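Listed here are the chains, written in short residue letters.
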Amino acid sequence: MTAAAPPLRPRRVGRSLVLLLPAVLFGLLVTLQWRTQTERSELSVRYNPPLIDAANALQNEQNRLKTELAGLRARLDEIQRNASTQTGAERELQARIDDLLGSAGLTPRAGDGVVIQLDDARNVSVSSRDIDKSICHATDLTDIINTAWKGGADAIAVNDERIVSSSSVYCVGSTIMVNGTLMSPPFNVAAIGPQNGLLGAFDDPAQLQDIKQRRDVQGLGFRVTRASAIHVPAFSGALNVRFAEPH
Amino acid sequence: MRTNTGAIAMAVVALFLGVAAAAQFRSQDVYSRSLQLETPSSLTTLIANLSDRNNELRNEIFDLRRDIESATNSVSSGQGTLSEADQGSASASTVDSTSARSPTS
């Protein structure tokens, strides 16, 4: 009877080990779940849905207002055009208006140029130390736009938002706003202008050094390509210029 | 026999937990952009900015409606051909005077 007892011990140890693995995995799973819960604070869970609804509603309203504004601008333009077809002086003034509207970004443009694509690096880990360098920021877009101006661009648009003198590019949290419109990557920056001049500006090693380094090291998405027949829409935002007078 | 069945059951449970844990870990780890992930503070700022922008658009729409009415009246009364064009030129040059390849804010 006493001789049969020892073989039971290894069997018990084996059974315990079999239980240990699922127990450890279960613990890992619970811990991760708990981390998710703590990261998304109670405030976020409670207040985010109505705030997101409000933001989306305002963005939809903005789109509607922009459409209405574009219609009114076209209507006023038509009245001015009809009114100025009689004398030479009027025709001259209308030509000047057309010229100014073009350079102010209030008329759509089409032509050859370059398209710059900017995107976050793929599969960026939130725990990565370099996360800040792996994603695109509003300042990156501003740098790209300024480089395009430097390369001789005549018209620029970011994801179909025309860039003009009063354009704004900034971020709130991880959301980027261009001309007050919510945007997120990937960004397509269309620049109409002399292709060689534009490509020369973007290829210049002295330009966009930070973005190029992050592309090579962190895998940030940044590509410049020649493009033909690019369409850049007219600026559709408000142009209320305050504290400025025409000369 | 009972021991083998138990071990197989345990292995299946462990496999399931492993897959679930890996899926959880992956979903945690990859950075993503979404309004859902913004803080209430950021969302409030976004809403304030959108609201300001919409107010500017409404103001411009109001001004344009007034301009259109004024232009229509002056053209129909036969006075405003040159003055309308002149006004259009002035307003376009106001915008253009600040536009020349300026950096964005």
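This is a predicted model, so every value here is computed, not measured.

Peer 1: Residues and numbers for the overall build of chain B, please.
Peer 2: Along chain B, the regular secondary structure elements total three helices and zero strands. Going through the 105 residues of chain B one by one, you find that 21% of them count as buried.

Peer 1: Give a detailed account of the environment of Ile145(A), specifying residues and quantitative values.
Peer 2: Position of Ile145(A) among the secondary structure elements: in helix H5 (residues 138–150). Distance from Ile145(A) to Ala157(A), taken between C-alpha atoms, is 8.8 Å for residues 12 residues apart in sequence.

Peer 1: With reference to specific residues and values, describe the domain arrangement of chain A.
Peer 2: Taken domain by domain, chain A comprises domain 1 (11–39), domain 2 (55–101) and domain 3 (109–232). Here the C-alpha centre of domain 3 of chain A lies 29 Å away from the C-alpha centre of domain 2 of chain A.

Peer 1: Talk me through the pairing of strand E5 (residues 175–178) of chain A; I want residue IDs and the actual numbers.
Peer 2: Residue and element names in this part refer to chain A. Of the pairings in the sheet, the one linking strand E4 (residues 169–172) to E5 comprises four bridges and is antiparallel in character. The partner of valine 169 across the bridge, within E5, is valine 178. The antiparallel hairpin formed by E4 and E5 contains two residues in its connecting segment, where glycine 173 sits at a positive phi of about 65 degrees. Pairing of E5 with strand E6 (residues 181–183), which is carried by three bridges, proceeds in the antiparallel orientation. Of the residues in E6, the one forming a bridge with methionine 177 is leucine 182. Counted along the chain from E5 to the antiparallel partner E6, the turn is two residues long, and its residue asparagine 179 has a positive phi close to 55 degrees.

Peer 1: So what's going on with helix H2 (residues 40–76) of chain B? Which residues, and what values?
Peer 2: A rise of 1.5 Å per residue sets the reference length of H2(B), with its 37 residues, at 54 Å; its end C-alpha atoms lie 53 Å apart and thus fit the reference within 8%. Among all positions of H2(B), only Leu43(B), Leu46(B), Leu50(B), Arg53(B), Leu57(B), Asp67(B) and Ala71(B) are buried.

The rules behind each value
- Residues numbered from 1 in each chain as written.
- Chains lettered and ligands numbered in written order.
- Predicted model: local features only at pLDDT ≥ 70, side-chain atom pairs only at ≥ 80, totals over all residues.
- Helix = DSSP H or I, 4+ residues; strand = E, 2+ residues; numbered from the N terminus.
- Buried ≥ 20, exposed ≤ 12 C-beta atoms within 10 Å, placed from the backbone.
- Domains from an automatic or database assignment.
- Pairing = 2+ DSSP bridges.
- Expected span 1.5 Å × (residues − 1).

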